[in-house]
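# Breakdown of the fold
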Amino acid sequence: MARGKLRIYLGAAPGVGKTYAMLSEAHRRVERGTDCVVAYVEHYARPRTEVMLHGLEQIPRRELEYRGATFGEMDVEAVLRRAPAVALVDELAHTNIPGSRNAKRWQDVEELLAAGIDVISTVNIQHLESLGDVVESITGVRQRETVPDEVVRRADQIELVDMSPEALRRRMAHGNIYKPDKVDAALSNYFRPGNLTALRELALLWVADRVDEYLTEYRTEHRVSKIWGSRERIVVGLTGGPEGRTLIRRAARLAEKGAGGEVMAVYIARSDGLTSASPKELAVQRTLVEDLGGTFHHVVGDDIPAALLDFARGVNATQIVLGSSRRKAWQYVFGPGVGATVARESGPDLDVHIVTHEEVAKGRGLPVARGARLGRTRIISGWLVGLAGPAILAVLLNTVGLGLANDMLLFLAVTVAAALLGGLLPALASAALGSLLLNYYYTPPLHRLTVADPKNIVAIAIFFGVAVSVASVVDLAARRTHQAARLRAESEILSFLAGNVLRGETGLEELLERVRETFGMESAALLERESDVEPWTCAGRAGFGPTLERPEDADVDMPIGDHMALALTGRVLPAEDRRVLAAFAAQAVLVLDRRRLQEEADQARALAEGNRIRTALLAAVSHDLRTPLAAIKAAVSSLRSDDVAWSEEDQAELLEGIEEGADRLDHLVGNLLDMSRLQTGTVTPLIREIDVDEVVPMALGGVPEDSVELDIPETLPMVAVDPGLLERSVANLVENAVKYSPLGERVLVSASAIVDRVEVRIVDRGPGVPDEAKDRIFEPFQRYGDAPRGAGVGLGLAVARGFAEAMGGTLNAEDTPGGGLTMVLSLRAARSRPEPLPLGESSTEPERQTQC
């Protein structure tokens, strides 16, 4: 069965019209013939909302008894039996009455969705779990009812129901939201203009982030490369120079001017050696941009302007921030520079900011290397100079007679120029053509390819040799420079990769994303298989595009051993890039192995903990449980013996010993069973409200009379607990305190209310426990000091803390003033069911503790 779709109407505060909008949508769907029912809608006696319910089928609510009153909750079973196409469920963050099918209404909604029923629901921004602290700082009210953000984010549609603070306050003043007797209190507290404005901003920003996620998914699926300026994304181009920090701060200020702005700093390592970056400075700039809330990216590109623009368009950026060039004036003869090129080719969708800084026109920190691999333009220029240059020079020299020596030097200069531009082959062609022209025009006999004077033959030969030598040296220098630049680019990437490892960025998906980003690919995946005959499986993937089933389907595949490969799609990489790719592949395998080893270590740790518990349990069974059994066995055998005539007093003493042994055995077995339930997570407390003085006296049945003094005021608020678990916890604590108290000293059990908690204190005057051992005494099978074997198996305090935490409370140990130990059991105070208040529409029932 296909999962149902969830549509949520999100509002900034109660009364903006979420429920009204939901009901309006329901009427539209009913008019179109859709089977739509009202599973649960609360109209709060608002006339306009109540009218909208007319004409819609309503599922009867389930009636539940709670604290002597009857309340209606959504009947999930009835909705599932009815199986409509669409169900309306109001107040997604609502907490259900104890005894309901689920603790939270969003859990009810998940059941409906799993059954294939579409759900339309409502929620206020203050009920999102991640915004609890923010909302409390704004309104001063802590929202008790929350819904996990992921539940709302997974919604298929999220529609913002917006209203200005002024309009909402007018609705409140007209009595359209709350009853007249609550309007003044609401307007002066929760519904203050500042509160509503801040909550409205939260709602708008949260929805904007969700819309941006939808947009990113759409652009990825449809491979949209054109920039859609839906929000401000600012790309900062870094060179590794000291001006980078200025650019990052300027970009951060630009981002602050628009809500939701992002800053992405990118350093492009090019393989032609035209830039020189300081690794130390890049590390500082990376830290700075991350401190300002941005991200740092490292990209490889031979053409820096093109790579920068491709990156900006890939992330849907709207602005690019670059620094003014550090080149000196004469260096502009080599080209307009990165900034001018980016500004010229950015197009109408990208704004380019050129920012001045203190390093403008001061030159680069290292000499500019020009000897990279010769590009197509330089090779063509070299051939033009090598072939056309000697011809043009010959025409010019025919008009001016400079002598053979000067003519040869000029032809040699042209050959050197051809070598500098185009490399070896254009220089050889220039040398050959220059030699022929020298021989034909300037060596007697003129205009003939013969040489009369042997000295001229030597001169022409020397000219040709020098030209060839110069061309060879220039070509070799270009090749060596390219190799050095390439190695430097590789070392920068490998250094960056090592830095990621040192910083703890060891996630496989994050590493694959770095691979994809570094080489400008569409996707990167790590494939593996068990053997040569098994199919390939994907261990991790990053990017977009179809999922690869085999390495052979990828544009680039890097084998790693016999049964693993790194596969990339997008373009074919040159051979020299595969060396760096191999390093990434090896790191990916290490990350995968580390993750699996960590999982195995966690499993081994769990098994070791289980073995420790079982070993301790066997030790307890072998001695502590056998001791009372042996005592019972001895007493029973004595009573059944016909050899001894026992008096009534002796028989009573033996029977008392049997009873004490049975009680002790029952207590030990009970603790062992309770500990096993806590270890397996099967403790499910039934929370209800009860007075502390009803439970605590019942927990004192296992200790001698007059060994405990009670001080529990009757005016204490009720607590939300499981009475059985609370009784067992207090009983264990009291028995432990009595066991270690000196003779004649009574244990004090007192209770007091502190804010929204009730504290039960068990105070003894025993030897106490050092600070370093206060947490250790709550571990299973721990007995402090030189406690004898007969003192128990060491589970009482562990069980007491486990039960306390299962009920939403805490248990800690403190020193008793004057000597001794005090156990502090803190419990949640109960709250009675209030009428709807201006704190939110769904705050109508007390919070229920989630099952442990």
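Residues numbered from 1 in each chain as written. Predicted model: local features only at pLDDT ≥ 70, side-chain atom pairs only at ≥ 80, totals over all residues. Heavy atoms only, no water.

## Notes on the sheet that holds strand β10 (residues 262-269)
As summarised here, the arrangement of the five strands in space is β11-β10-β9-β12-β13, forming an open sheet in which the pairing is parallel. This sheet does not close on itself; its edge strands, each paired only once, are β11 (295-300) and β13 (351-355). If you compare each strand with its neighbour and ignore which way they point, the axes differ by 25° on average. (Pairing = 2+ DSSP bridges. Helix = DSSP H or I, 4+ residues; strand = E, 2+ residues; numbered from the N terminus. Axes fitted to C-alpha atoms, helices over the stretch in contact; angles between N-to-C directions.)

## So, helix α14 (residues 376-399)
Its 24 residues place the ends of α14 35 Å apart at the C-alpha level, agreeing with the 34 Å of an ideal helix rising 1.5 Å per residue. The sharpest bend along α14 reaches about 35° and sits at A388, with the proline P390 one to four residues further on. By the burial criterion, the buried members of α14 are G382, G386, G389, P390, L393, A394 and L397. Close packing links the buried residues of α14 with α15 (404-422) and α16 (424-442). (Expected span 1.5 Å × (residues − 1). Bend = angle between axes of the 7 residues up to and from the residue. Buried < 20%, exposed > 50% of the residue type's maximum accessible area, 1.4 Å probe, protein only. Contact = heavy atoms within 4.5 Å.)

## What to know about the side chain of Q319
Locating Q319 in the fold gives a position in strand β12 (residues 319-323). In this structure the side chain of Q319 is engaged in a polar contact, spanning 2.5 Å, whose partner is the side chain of H353. For Q319, the residues in contact, after removing those within four places along its chain, are E232, R233, I234, V235, L254, L350, D351 and H353. (Polar contact = N/O pair within 3.5 Å; in protein donor to acceptor, adjacent residues only side chain to side chain.)

## Examining the side chain of N102
Inspection of the secondary structure assignment puts N102 in the loop between β6 (86-89) and α4 (105-114). Residue N102 is classed as buried on the basis of its relative accessible area, which comes to 16%. Side chain to side chain, N102 and D108 meet in a polar contact 2.6 Å long.

## So, the packing of aromatic side chains
Under the definition given, this model contains zero aromatic pairs. Directly above the aromatic system of Y40 lies the positively charged group of R61, at a separation of 4.1 Å from the ring centroid. (Phe/Tyr/Trp six-rings, centres within 6.5 Å; stacked < 30°, edge-to-face > 60°. Lys NZ or Arg CZ within 6 Å of the ring centre and 35° of its normal.)

## Structural notes on the nonpolar core
Residues L88, L92, L112, I125, V147, V152 and W206 are the most contacted members of the largest nonpolar core, which totals 61 residues. Of all the elements, helix α9 (residues 193-222) adds the most residues to this core, at six residues. Once you skip the residues sitting within four places of it in the chain, I125 turns out to touch L10, G11, A12, L131, L199, L202, A203 and W206. Judged by nonpolar contacts, the second largest core, of 46 residues, contains V721, L725, M823 and L827. (Core = buried A, V, L, I, M, F, W, Y, C linked by side-chain atoms within 4.5 Å.)

## A short note on the sheet that holds strand β22 (residues 757-763)
As summarised here, the arrangement of the five strands in space is β19-β21-β22-β24-β23, forming an open sheet in which the pairing is mixed. Across the chains shown, the open sheet's two edge strands, defined by having one partner strand only, are β19 (708-711) and β23 (810-815). Sheet twist, expressed as the mean angle between neighbouring strand axes with direction ignored, is 20°. Of the strand pairs in this sheet, strand β21 (residues 747-754) and β22 are connected by seven bridges, and their pairing is antiparallel. Bridging across to β22, I754 finds its partner in R757. Running at roughly 170° to strand β24 (residues 821-828), helix α22 (residues 723-740) makes contact with β19, β21, β22, β23 and β24 of the sheet. Relative to β23, helix α23 (residues 796-806) is tilted by about 130°, and along the sheet it contacts β23 and β24.

## A short note on the environment of A525
Along the polypeptide, A525 turns up in strand β14 (residues 523-528). When the C-alpha atoms of A525 and P551 are compared, they prove to be 9.2 Å apart, with 26 residues separating the residues in sequence. Among residues more than four places away in sequence, those in contact with A525 are L512, C538, G540, R541, A565, L566 and A567.

## Quick word on the pattern of salt bridges
This model, assessed by the stated rule, comprises 25 salt bridges. One salt bridge in this structure joins D162 and R200, with 2.8 Å as the shortest N-O distance. Taken together, the residues D162 in the loop between β8 (157-161) and α7 (165-173) and R200 in helix α9 connect sequence positions 38 residues apart. According to the relative accessible area criterion, D162 is partly exposed, its value standing at 36%. One salt bridge connects R761 with E814, and the closest N-O pair in it is separated by 3.2 Å. (Salt bridge = Lys/Arg side-chain N within 4 Å of Asp/Glu carboxyl O.)

These values are about where atoms sit, not about what they do.
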